[in-house]
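Descriptive analysis of the structure
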Amino acid sequence: MGISVLQGEVLPFGGELPRPVGNAQRSWSFREGVILRLSDGDGVIGQGEAAPLPGYSPDSLETCREQILAFCRALPLKLSGDGSAEEMLRALPAWTALSVAAPAARFAVETALLDLWGKRRGVSISALLGTVRQRVPISALLSGKTPEQVLASASEAVGRGMGTVKLKIGRDFARELGLVRRLRETLGPRIEIRLDANRSWPARQVVEHLTALAPLRPEFVEEPCADPILMDASGAGSCRVPLALDESLQGGDALALGLLEAGSCQVLVLKPMALGGFLRCLDLARLAALHGAAVLVTHLFDGPVALAAAAELALALPGRVLACGLSRHPGMTAGPAIPQLTATEIVPSGRPGLGLALWSPS
């Protein structure tokens, strides 16, 4: 069963966040983006979200808006239902003829099309894309300005059932090493502690830092330095601490392939808003599985539409999937309920498409 996309609507959203969000290098107190709504002749509406993160994403909101509006002006569009949803997306002329190339714009178009098609067929996006996992755990991002506040955040997360916590590092390694040691002592050996350096370590210190962390058994260290090639050449892979790629994936698949083949990378962190949506993330997950590596999905402090889409992606991924960073982040207090997300895990929504009510941002 094919679908006809007759009309498109683009709605802006944005505003000050209730609490700033950020990483080791910068913070954001304002988020904005656009919601794409696609409708067919029967009143069924699919929605997607484009919200690139300034200073992190490879694209801009202005570029995304222009590309999405160009896609809408080219409607109506008839999509064949003869193949799979993935085949339909890969054959979509929008990627070339309409130049929908900005990652966040492509994610919005893919999401809206899959949401529309899922609603037409009465199945979830994850079911459209393949086998649906019954559960994927969620990790907790630790917060706090003092070590005591971070430790309290970790204890609270574990107390509500979280098995994985994530700590942003990259400012003062000596102090952070002490904090990781206290986390391990407090949480015990069964809780996974993952670390994200956001490319802040000098390449010459990567091996030294990883060697110091190794006895504390972090699940992995994400993006330790700015140049992954230097990370590989430095001998980081011999330090018994798994390494993860995140920002580096924005440069294409060749780098990830080389590091996976060399055994220098064991985890790929998939941010569909920054990587261009479902298809690219599925390709990377298959590449990781081929080389014995794991994947996980996380967000860019997105809105509810993109967060629901990321949850559907996590449920559809092949290979080994680690706890995903998809809990409602501190900046997101408004919007519809996200049916895939419980307090500690991602589960099938049991609803068609995104499973999400239409969001009308104010």
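Overview of the structure. (Residues numbered from 1 in each chain as written. Predicted model: local features only at pLDDT ≥ 70, side-chain atom pairs only at ≥ 80, totals over all residues. Heavy atoms only, no water.)

1. Topic: the side chain of His299
Condition: By definition, any uninterrupted DSSP run of H or I lasting at least four residues is a helix, any uninterrupted run of E lasting at least two residues is a strand, and each is numbered from the N terminus. For this analysis, a polar contact is any N or O atom pair within 3.5 Å, provided that within protein one partner can donate a hydrogen and the other can accept it, and provided that sequence-adjacent residues contribute only side-chain to side-chain pairs.
When you line up the elements, His299 lands in the loop between β13 (294–297) and α12 (304–316). Looking at His299, its side chain comes within polar contact range of the main-chain nitrogen of Phe301, at 2.9 Å.

2. Considering the sheet that holds strand β7 (residues 140–141)
Applicable threshold: Between any two strands, pairing holds if DSSP finds at least two bridges.
Here we have eight strands laid out as an open sheet, ordered β7-β8-β9-β10-β11-β12-β13-β14, and parallel in their pairing. Single-partner strands in this sheet number two, and they are β7 and β14 (320–321). Direction of pairing for β7 relative to strand β8 (residues 164–168): parallel, over a ladder of two bridges. Bridge pairing in β8 links Ala140 to Val165.

3. Some remarks on the nonpolar core
Rule in force here: What we call a nonpolar core is a set of buried Ala, Val, Leu, Ile, Met, Phe, Trp, Tyr and Cys residues that are connected through their side-chain atoms within 4.5 Å. Exposure categories follow from relative accessible area, calculated using a 1.4 Å probe and restricted to protein chains: below 20% of the type maximum is buried, above 50% is exposed, and the middle band is partly exposed. We call two residues in contact whenever any of their non-hydrogen atoms come within 4.5 Å of each other.
In this structure, Leu268, Leu270, Leu326 and Ile346 are the most contacted members of the largest nonpolar core, which totals 127 residues. Considering each element in turn, this core owes the most residues, eleven residues, to α12. With residues near it in sequence (within four places) discarded, Leu270 still touches Leu249, Leu275, Cys281, Leu284, Ala285, Val295, Leu296, Val297, Thr298 and Leu317.

4. A few points about the packing of helix α9 (residues 253–262) against helix α11 (residues 278–290)
What counts here: A fitted line through C-alpha atoms serves as each axis, taken over the contacting stretch for helices, and the angle formed by two N-to-C directions is quoted from 0 to 180°. By definition in this entry, angles of less than 35 degrees are roughly parallel, angles greater than 145 are roughly antiparallel, angles of 65 to 115 are roughly perpendicular, and the rest are oblique. Definitions for this section: a left-handed crossing has its near helix turned counterclockwise from the far helix by less than a right angle. A right-handed crossing has that turn clockwise.
Closest axis-to-axis distance for the α9/α11 pair is 10 Å, and the angle between their directions is 15 degrees. Considering the angle they form, α9 stands roughly parallel to α11. In terms of crossing hand, the pair formed by α9 and α11 is right-handed. On α11, the residues touching Asp253, Leu257 and Leu260 of α9 are Arg280, Leu284, Leu287 and Ala288.

5. A few points about the pairing of strand β4 (residues 45–50)
The element β4 is largely enclosed, with a buried count of five among its six residues. As paired strands, strand β3 (residues 27–39) and β4 are joined by six bridges and run antiparallel to one another. Counterpart to Val34 in the pairing with β4 is Ala50. Adjacent in sequence and paired antiparallel, β3 and β4 are bridged by five residues, among which Gly43 carries a positive phi angle near 85 degrees.

6. Thoughts on helix α6 (residues 173–187)
Definition in use: One less than the residue count of a helix, multiplied by 1.5 Å, gives the span that helix is expected to have. This arc is taken over the directions from the axis of the helix to the C-beta atoms.
Taking 1.5 Å of rise per residue, the 15 residues of α6 would be expected to cover 21 Å, and the 20 Å separating its terminal C-alpha atoms lies within 8% of that figure. Of the positions making up α6, those classed as buried are Phe173, Glu176, Leu177, Leu179, Val180, Leu183, Arg184 and Leu187. Down the axis of α6, the buried side of the element spans an arc of 160 degrees, and every buried residue falls inside it. For α6, the exposed residues set more than 90 degrees away from the buried face come down to Ala174, Arg175 and Glu185. Contacts made by the buried residues of α6 are with α5 (147–159), β8, β9 (192–196) and α7 (206–213). A positive backbone phi angle near 85 degrees is found at Gly188, which sits one or two residues after α6.

7. Some words on the pattern of salt bridges
Put simply, the test is: Here a salt bridge means any side-chain nitrogen of Lys or Arg lying within 4 Å of a carboxyl oxygen belonging to Asp or Glu.
Counted under the stated rule, the structure contains 20 salt bridges. Measuring nitrogen to oxygen at the nearest pair gives 3.8 Å for the salt bridge that ties Arg31 to Asp302. Here Arg31 is found in strand β3, whereas its partner Asp302 is found in the loop between β13 and α12, with 271 residues between them in sequence. Classification of Asp302 by relative accessible area gives buried; the value is 4%. The shortest N-O distance in the salt bridge between Arg182 and Glu148 comes to 3.4 Å. Separated by 34 residues along the polypeptide, Arg182 in helix α6 and Glu148 in helix α5 bring together distant segments of the chain. Accessibility expressed as a relative area gives 34% for Arg182, which makes it partly exposed. Among the residues examined, Glu148 registers a relative accessible area of 48% and is labelled partly exposed. The network of salt bridges with common partners includes Glu86, Arg90, Asp283 and Arg286.

By themselves, these figures tell us nothing about what the structure is for.
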